[in-house]
Amino acid sequence: MQLKTDLYIDGKWVKGDGTIPVIDPSNGEVIAEVATAGESQCDAAVAAADRAFVTWSKTAPRVRAEILRKAFELMIAESDHLAKLTSMENGKVFSDAKGEIAYAAEFFRWFSEEAVRTPGDFRMAPSGDKRILVTHQPIGVSLLITPWNFPAAMATRKIGPALAAGCTMILKPASETPLTALAIIDILERAGVPAGVVNLILPSKTGPMISKMLHDPRVRNLSFTGSTEVGRVLLKESADCVLRTSMELGGNAPFVVLADANIDDAVAGAMIAKMRNGGAACTAANRFIVAKSVAEEFTTKFAKAMGALKVAPGLEEGAQLGASVSIKERNKIAELVDASVAAGGKLELGGKTPEGAGAFYPATVISVTKENPILNHEVFGPVAPVVTFENDEEAIALANATEFGLISYVYSSDLKRAIKTAEAIESGMVAINRGVISDPAAPFGGFKQSGLGREGGFHGIHEFLETKYIGVEI
Ligand code: NAD
């Protein structure tokens, strides 16, 4: 497998100030050494993006669209290779990785279509004294920071709209999973993205170097996906230069099973909502809130389906649940489960950390009461706490008892009841009788501390555009 391991600055693959190892979490072995950026490389990336903005921002939208379309086609053609890479560095199983690459590529296709459709507005002012012309312009140099859980999709969900809008950018992938991002940059280069438009750095000192970039007047926009904890820090940093920010942060998704739900459908949906990506998704169902009258049936069937999953290294034939991204992340999951059990949670399945070098954790189901501490944490692993409720009002109150509000799931046979519940839950997205709703054509984002702004859909490109009003005397 040919791997890209250097930084990408101003259209060139360059060495940095050192390297860091990328580890295969299913066995602890080093896959590759990837270059890290020192201060001079970070500065060179900003300078390159700043220079390239002059021409890229004026490049015809059709040209930008065609480059994106070409990148989509290359990603699809090379999806097996990309998925293998993602599975190796992230730990997720190959089928999940293939699904991610297809989803990631769709952001290039969607935004190739959006690049040529940015609407404007021209009309007479109500007073009749002038015309109001409203147009949109690319913001400028954008810093894109992505997490390890979807190394391909979180990058393309930002690069796609940034390129479509006419922005130039610097991508900083998670240090655990830079190889997928580097492979995508290679594709963008081959698709014809001009030098300096897209740059990739992996700072050797993340906090201070990103902080310096956020205080550089050439940088105008920050698009971040990651934890709420880091998002808060970056929002504070961004305040100094009043940067435009887009924040896709943590979640604590409720999965509500109302008393009239079809339980087999709810279990099938729960398996997708919980286990896609081994539970390491901001959209992962994190709290199963189930009507008391159906809780026993749901929990029994759900635990049976969870227990039947084949736990194995991501690239092994038939693997359904791979490793977490690192031993550190796996241990965080184990600690949350141990604390939940210590607080009275009853293990229905799993809950024991396996021996060995791989960062594996088994599928786990725990019955808990509403005071259990696990309900207040994003578990980011294959762990499903189940809590019961008496009536729909209590279900909604439980669902909303969190500072997060990214996504929620509602199961009911009565669409009116499901929609009423969906409207009452404080989250940016609600799935009704489905275990997954992420779609490049739909706005993705959260309420409350799950974030600011929306990615994808018609909204996504506007995260990279400024609105300009021109008053015209006619
Ligand atoms: P994280 O916040 O630890 O890291 C995210 C990125 O920020 C990484 O690239 C990391 O290197 C970088 N980073 C960390 N500290 C930094 C600092 N001080 N300055 C600048 N950059 C810094 O998150 P993670 O562990 O990689 O990802 C998991 C989290 O991401 C979860 O909370 C998950 O819910 C969230 N997430 C949200 C979405 C969404 O769309 N809302 C999508 C995927 C993941």
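Given the structure is predicted, the values throughout are model-derived calculations rather than measurements. (Residues numbered from 1 in each chain as written. Predicted model: local features only at pLDDT ≥ 70, side-chain atom pairs only at ≥ 80, totals over all residues. Heavy atoms only, no water.)

### A word on the overall build of the protein
- The secondary structure content of the protein amounts to 13 helices and 22 strands.
- Taken over the C-alpha trace, the protein has a radius of gyration of 23 Å; the compact-globule value for 474 residues is 23 Å, and the two agree within 12%.
- When the backbone C-alpha atoms are referred to their principal axes, the protein occupies close to 70 × 60 × 40 Å.
- Here the protein holds 474 residues, and 55% of them are scored as buried.
- For the protein, restricting intrachain contacts to residue pairs at least 6 apart in sequence, the fraction spanning at least 24 positions comes to 71%.
- Across the protein, the centroid of the 48 positively charged side chains sits 4 Å from that of the 56 negatively charged ones. (Helix = DSSP H or I, 4+ residues; strand = E, 2+ residues; numbered from the N terminus. Rg over C-alpha atoms; globule rule 2.2 N^0.38 Å. Buried < 20%, exposed > 50% of the residue type's maximum accessible area, 1.4 Å probe, protein only. Contact = heavy atoms within 4.5 Å. Lys, Arg positive; Asp, Glu negative; His and termini not counted. Charge placed at Lys NZ, Arg CZ, Asp CG, Glu CD.)

### A look at the domain arrangement of the protein
- Partitioning the protein into structural domains gives domain 1 (7–249 + 450–472) and domain 2 (253–439).
- For domain 1 versus domain 2, the distance between C-alpha centres works out to 30 Å.
- Taken together, the 24 residues of domain 1 in the interface contact 30 residues of domain 2.
- When the two sides are added together, the surface that domain 1 and domain 2 hide from each other amounts to roughly 2100 Å², 59% of it contributed by carbon and sulfur.
- When the buried area of domain 1 at its contact with domain 2 is split by residue, Val93, Trp148 and Ser450 rank highest and sum to 26% of it.
- Between domain 1 and domain 2 we count zero salt bridges in total.
- Counting every contact that joins domain 1 to domain 2 gives nine residue pairs in polar contact (both at pLDDT 80 or more).
- Contributing elements (two or more residues each) for the side of domain 1 that touches domain 2: helix H3 (79–90) and helix H4 (94–114).
- Per-element accounting of the side of domain 1 that touches domain 2 gives the leading share, five residues, to H3. (Domains from an automatic or database assignment. Buried area = accessible area lost by both parts, 1.4 Å probe. Salt bridge = Lys/Arg side-chain N within 4 Å of Asp/Glu carboxyl O. Polar contact = N/O pair within 3.5 Å; in protein donor to acceptor, adjacent residues only side chain to side chain.)

### A few points about helix H10 (residues 292–307)
- In this model, H10 (16 residues) spans 22 Å end to end at C-alpha, consistent with the 22 Å of a helix rising 1.5 Å per residue.
- The sharpest bend along H10 comes to roughly 25°, located at Phe298.
- The complete set of buried residues in H10 reads Val294, Ala295, Phe298, Thr299, Phe302, Ala303 and Met306.
- Of the surrounding elements, those touching the buried residues of H10 are strand S12 (253–257), helix H9 (263–275), strand S13 (285–291), strand S14 (346–349), strand S15 (364–367) and strand S16 (383–389). (Expected span 1.5 Å × (residues − 1). Bend = angle between axes of the 7 residues up to and from the residue.)

### Some points on the nonpolar core
- By size, the foremost hydrophobic cluster in this structure holds 141 residues, and its most contacted members are Leu163, Leu188, Phe288, Phe298 and Phe302.
- The two domains that each donate at least three residues to this core are domain 1 (7–249 + 450–472) and domain 2 (253–439).
- Here Phe288 is in contact with Phe255, Ala270, Lys274, Phe298, Phe302, Ala384, Pro385, Val386 and Val387, once residues within four sequence places are set aside.
- Residues Trp148, Ala280, Val325 and Phe380 belong to the second largest nonpolar core, which totals five residues. (Core = buried A, V, L, I, M, F, W, Y, C linked by side-chain atoms within 4.5 Å.)

### What to know about the layout of surface pockets
- Roughly 1200 Å³ of internal volume is contained in the largest pocket.
- Counting residues per element, the ones that place at least two in the lining of the largest pocket are helix H7 (206–214), strand S10 (219–225), helix H8 (228–239) and helix H11 (327–342).
- In terms of residue class, the lining of the largest pocket is made up of 19 nonpolar, 13 polar and twelve charged.
- The residue makeup of the lining of the largest pocket includes at least three contributed by each of domain 1 (7–249 + 450–472) and domain 2 (253–439). (1 Å grid on protein atoms, 1.4 Å probe; cavity = no way out; pocket = protein on both sides within 12 Å on 5 of 7 lines; lining within 4 Å. Points joined across faces, edges and corners; volume = space filled by probe spheres on them. Nonpolar A, V, L, I, M, F, W, Y, C, P; charged D, E, K, R; others polar.)

### A short note on the packing of aromatic side chains
- Evaluated as defined, the whole model comprises ten aromatic pairs.
- Both rings, one in Trp148 and one in Phe380, keep their centres 5.4 Å apart while their planes meet at 90°; by these two values the pair is edge-to-face. On the criterion of sequence distance, the pair formed by Trp148 in the loop between strand S7 (141–145) and helix H5 (153–165) and Phe380 in the loop between S15 and S16 is long-range, its members being 232 residues apart.
- A relative accessible area of 11% places Trp148 in the buried class.
- Considering the side-chain rings of Phe255 and Phe288, the 5.1 Å spacing of their centres and the 40° angle between planes classify their relative orientation as tilted. One end of the pair, Phe255, is in strand S12; the other, Phe288, is in strand S13, with 33 residues separating them in the sequence. (Phe/Tyr/Trp six-rings, centres within 6.5 Å; stacked < 30°, edge-to-face > 60°.)

### Some points on the side chain of Thr180
- Counting through the fold element by element, Thr180 comes out in helix H6 (residues 178–191).
- Taking the relative accessible area as the measure of exposure, Thr180 reaches 0% and is therefore buried.
- Excluding residues within four positions of it along the chain, Thr180 makes contact with Leu85, Thr86, Glu89, Pro151 and Ala152.

### Brief notes about the sheet that holds strand S18 (residues 407–411)
- Taken together, the seven strands give an open sheet; going across it, the order is S14-S15-S16-S13-S12-S18-S19, and neighbouring strands pair in mixed fashion. A single partner strand is all that each edge strand has here, and the edge strands are S14 and strand S19 (429–432). In this sheet, neighbouring strand axes are inclined to one another by 25° on average, regardless of whether the strands run parallel or antiparallel.
- Bridge count between S15 and S16: four bridges; the pairing is parallel. In the sheet register, Ser367 faces S16, and the bridge partner there is Val386.
- Lying on the sheet, H9 is in contact with S12, S13, S16 and S18; it crosses S12 at an angle near 170°.
- H11 contacts S14, S15 and S16 of the sheet and is inclined by roughly 25° relative to S15. (Pairing = 2+ DSSP bridges. Axes fitted to C-alpha atoms, helices over the stretch in contact; angles between N-to-C directions.)

### Considering the side chain of Ser87
- Summarising the element assignment, Ser87 is placed in helix H3.
- Excluding residues within four positions of it along the chain, Ser87 makes contact with Lys92, Val93, Phe94, Ala97, Gly314 and Leu315.

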